[in-house]
Amino acid sequence: MRITILTLFPEMYGDFLKTSIVGRSIARGIVSVDLVQIRDFAHDTYRHVDDTPFGGGAGMVMKCQPVLDAINSVRTPESYTVLMSPSGTPYSQKKAHELSGKSHLILLCGHYEGLDERISRHVDEELSIGDYVLTGGELASMVISDSVIRLLHGSIRPDSAEDESYENGLLEYPQYTQPADYEGEQVPAILLSGNHEKIRKWRLQQSLVRTRERRPDLFGRHELTGEERKLLDRYDEGEEI
């Protein structure tokens, strides 16, 4: 897979592209990440990429010409172009899976007060990583890149991703490691039992309970299986697995 990030601040990506799963995936040739400086496509001496908004108002707006020229310099028939935008569709794990199937992903980072609206006609999709405003789209592009890269074959062990939060529409179950007793706080005994079927049921039950308590919006969209209903009923009635 190839990811191209169009940005005014390529220096922000230095450590991000060298660290952890992202860095290892690049080193192994699983993915390539290119950084394109939008300012390089400005035509004037001072390389201006923004101007004051028509109609007045505070701030500056990114201009069509340098942004669209930057997009066109890297776009191919196989490319899929995404604009980082606070007014875009909310990003999700489902969308991460969809984007991971693209051969070439172009991520466009806005800045200042936003981009000339005419630019949106030249992208395939606008995405938002949350209901808040960032200084620019760079951090959002890192979030999307990280979530997509870790889904690529060879980036991480397949079984490491299967039970993660949002993969099945639920939050992940609680995790524990050594020591089994830390200053009187005990690891749940079932995890030390060696009974893999009971552990599986406990983890599923905890995932359901955690989602119901912390993310009722997700829980409301999740269609419970027969087993899941029984596990929730047992939890609510105080029965052990």
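Worth saying up front: this structure is predicted, and the values here are computed from it rather than measured.

### Observations regarding the pairing of strand β1 (residues 2–7)
Here comes step 1: Counting buried positions along β1 yields 5 of 6 residues, so the element is predominantly enclosed.
Here comes step 2: Sheet topology note: the β1/strand β2 (residues 32–37) ladder contains 6 bridges and is parallel. In the sheet register, Ile5 faces β2, and the bridge partner there is Leu35.
Here comes step 3: You can see the chain leave β1, run along helix α1 (residues 20–27) and come back into β2, and the turn it takes is right-handed.
Here comes step 4: Across 5 bridges, the pairing between β1 and strand β6 (residues 104–109) is parallel. Paired with Arg2 across the strands is His104, a residue of β6.

### Notes on the sheet that holds β1
Here comes step 1: The 5 strands are arranged β2-β1-β6-β5-β7 in an open sheet whose pairing can be described as parallel. This sheet does not close on itself; its edge strands, each paired only once, are β2 and β7 (125–128). Taken pair by pair, the neighbouring strands of this sheet meet at an average axis angle of 30°, ignoring direction.
Here comes step 2: The strands touched by helix α2 (residues 64–74) are β1, β2, β5 (79–90) and β6; relative to β1, the strand with the most contacts, the crossing angle is about 165°.

### Quick look at the state of the cysteines
Here comes step 1: Under the definition given, this model contains 0 disulfides.
Here comes step 2: In this structure Cys64 is not part of a disulfide, and its nearest cysteine sulfur, from Cys109, lies 17 Å away.
Here comes step 3: Overall, Cys64 belongs to the buried group, its relative accessible area being 16%.

### Details of the pattern of salt bridges
Here comes step 1: Inspection of the entire model under this criterion finds 10 salt bridges.
Here comes step 2: Taking the shortest distance from any N to any O, the salt bridge between Glu197 and Arg200 comes out at 2.8 Å. Residue Glu197 and its partner Arg200 are both found in helix α6 (residues 196–214); the two are separated by 3 residues, about one turn of the helix.
Here comes step 3: Under the relative-accessibility criterion, Arg200 is labelled partly exposed at 35%.
Here comes step 4: Note that Asp236 is salt-bridged to Arg212, the shortest N-O span being 2.8 Å. Of this pair, Asp236 sits in helix α8 (residues 226–236) while Arg212 sits in helix α6, and the two are 24 residues apart along the sequence.

Calculation notes
Residues numbered from 1 in each chain as written. Predicted model: local features only at pLDDT ≥ 70, side-chain atom pairs only at ≥ 80, totals over all residues. Heavy atoms only, no water. Buried < 20%, exposed > 50% of the residue type's maximum accessible area, 1.4 Å probe, protein only. Helix = DSSP H or I, 4+ residues; strand = E, 2+ residues; numbered from the N terminus. Pairing = 2+ DSSP bridges. Right-handed = clockwise from strand over helix to strand, strands pointing away. Axes fitted to C-alpha atoms, helices over the stretch in contact; angles between N-to-C directions. Contact = heavy atoms within 4.5 Å. Disulfide = S-S within 2.5 Å. Salt bridge = Lys/Arg side-chain N within 4 Å of Asp/Glu carboxyl O.

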